[in-house]
Amino acid sequence: MRTATTREPGELFGPRFALFADVLVVGLATAAVSLPLLTVPAAMSTACAVLDRRVRHDAPSTAGDYVRALRGRLRRGDLPAGAGLLAGCALLLFNALAAGAGLPGAAAFRPALFAAGGLLAVVFLRACARPESATSWRAALRSAAYDAVRRPRGSAVLLLAVATAAVCAWAYPPLAFLVPGPLSLAARATEHHL
């Protein structure tokens with residue numbers, strides 16, 4: 001009997017490479033759906049659900065699976081969640097620009113701004129990975145904020161994943177279109193294990 005770690009005759013890559021390929025496909029689909037910006041929460045939540053199904057059932061994921069899952073998950077609360085995310089990002093950007101302009105206290109404010117941005121990114125990713133995100137963003141955000149503080153190991157892992165993704169996208173900008181896949185997988189993994 002073959003296990004999930006052996007290759008079939010003639011197969012170039014093993015089964016573990018299939019998960020990597022699925023993460024990249026889901027990342028590209030998520031990036032494409034996220035282009036209107038208001039759809040980022042729905043897209044990331046769908047990516048977490050699709051990759052969770054991929055890992056649990058060991059069935060390949062396709063862009064078609066992603067689109068079908070996204071259609072099934074879209075609801076009225078997704079656009080206000082996207083608007084809230086955009087407002088939070090705009091506020092962080094405005095404060096970063098103000099701190100960079102040389103305002104008094106900028107040296108002390110900059111680390112606090114990074115900490116707030118990191119905490120918001122962790123809470124957002126945890127909320128996307130929560131099953132509640134399919135029905136209520138308010139409940140998902142509440143439980144994600146609680147878990148971000150209650151389970152610091154998982155939050156630290158997610159923060160490192162966000163930092164790694166940011167550095168990769170900064171170093172090679174086309175990688176920004178692949179980043180949502182690994183971030184979704186990391187968020188879903190921390191919900192199950194950390």
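Residues numbered from 1 in each chain as written. Predicted model: local features only at pLDDT ≥ 70, side-chain atom pairs only at ≥ 80, totals over all residues. Heavy atoms only, no water.

**Notes on the overall build of the protein**
Point 1. In terms of regular secondary structure, the protein is built from eight helices and zero strands.
Point 2. Taken from the N to the C terminus, the helices and strands of the protein come in the order α-α-α-α-α-α-α-α.
Point 3. In summary, the protein has a C-alpha radius of gyration of 18 Å against a globular reference of 16 Å for 194 residues, a match within 12%.
Point 4. Along the three orthogonal principal directions, the C-alpha set of the protein runs to about 65 × 35 × 35 Å.
Point 5. Carbon together with sulfur atoms contributes 72% to the accessible area of the protein, which is approximately 11400 Å² in total.
Point 6. If the 20 positive side-chain charges of the protein are averaged to one point and the 10 negative ones to another, these points end up 7 Å apart. (Helix = DSSP H or I, 4+ residues; strand = E, 2+ residues; numbered from the N terminus. Rg over C-alpha atoms; globule rule 2.2 N^0.38 Å. Areas by Shrake-Rupley, 256 points an atom, 1.4 Å probe, with all protein chains shown as cover. Lys, Arg positive; Asp, Glu negative; His and termini not counted. Charge placed at Lys NZ, Arg CZ, Asp CG, Glu CD.)

**Thoughts on the nonpolar core**
Point 1. Within the largest apolar cluster, 22 residues are counted, with the highest numbers of intra-cluster contacts made by Met44, Leu125 and Leu183.
Point 2. Looking at this core, the elements with two or more residues in it are helix 2 (40-57), helix 5 (106-129), helix 6 (137-150), helix 7 (152-171) and helix 8 (180-193).
Point 3. Of the residues forming this core, the biggest block, seven residues, is contributed by helix 5.
Point 4. Sequence-distant contacts of Leu183, defined by excluding residues within four places in its chain, comprise Met44, Leu125, Ala161, Val162 and Ala165.
Point 5. Counting 11 residues, the second largest nonpolar core, distinct from the first, contains Ala29, Ala47, Ala69 and Leu70. (Core = buried A, V, L, I, M, F, W, Y, C linked by side-chain atoms within 4.5 Å. Buried < 20%, exposed > 50% of the residue type's maximum accessible area, 1.4 Å probe, protein only. Contact = heavy atoms within 4.5 Å.)

**Here's the deal with helix 3 (residues 63-73)**
Point 1. Residues of helix 3 that are buried include every one of Tyr66, Ala69, Leu70 and Arg73, and no others. End-on, the buried residues of helix 3 take up no more than an arc of 105°, which puts them together on one face. Seen from the buried face of helix 3, the exposed residues on the opposite side, beyond 90 degrees, are Arg68, Arg71 and Gly72. (Arc of directions from axis to C-beta.)

**Quick word on the environment of Val55**
Point 1. With respect to the helices and strands, Val55 occurs in helix 2.
Point 2. Look at Val55 and you get partly exposed, because its relative accessible area is 49%.
Point 3. Residues Val55 and Arg150 lie 95 residues apart in sequence; the distance between their C-alpha atoms is 26 Å.
Point 4. What Val55 contacts, discounting residues up to four positions off in sequence, is Leu19 and Leu185.

**Notes on the confidence of the model for the protein**
Point 1. Here the protein averages 87 in pLDDT, and 91% of its residues register 70 or above.
Point 2. No element of the protein has a lower mean pLDDT than helix 3, at 85, and none a higher one than helix 7, at 95. (pLDDT = per-residue confidence, 0-100.)

**Regarding the pattern of salt bridges**
Point 1. In total, this model carries nine salt bridges according to the counting rule given.
Point 2. Where Arg130 meets Glu191, a salt bridge forms, and the shortest distance between an N and an O atom there is 2.8 Å. Remark: Glu191 occurs in helix 8 and Arg130 occurs in the loop between helix 5 and helix 6; sequence separation between them is 61 residues. Of the two residues, Arg130 and Glu191, neither departs from the other in class, the shared state being buried.
Point 3. Residues joined in a network through salt bridges with shared partners are Arg126, Arg130, Glu132, Asp147, Arg150 and Glu191. (Salt bridge = Lys/Arg side-chain N within 4 Å of Asp/Glu carboxyl O.)

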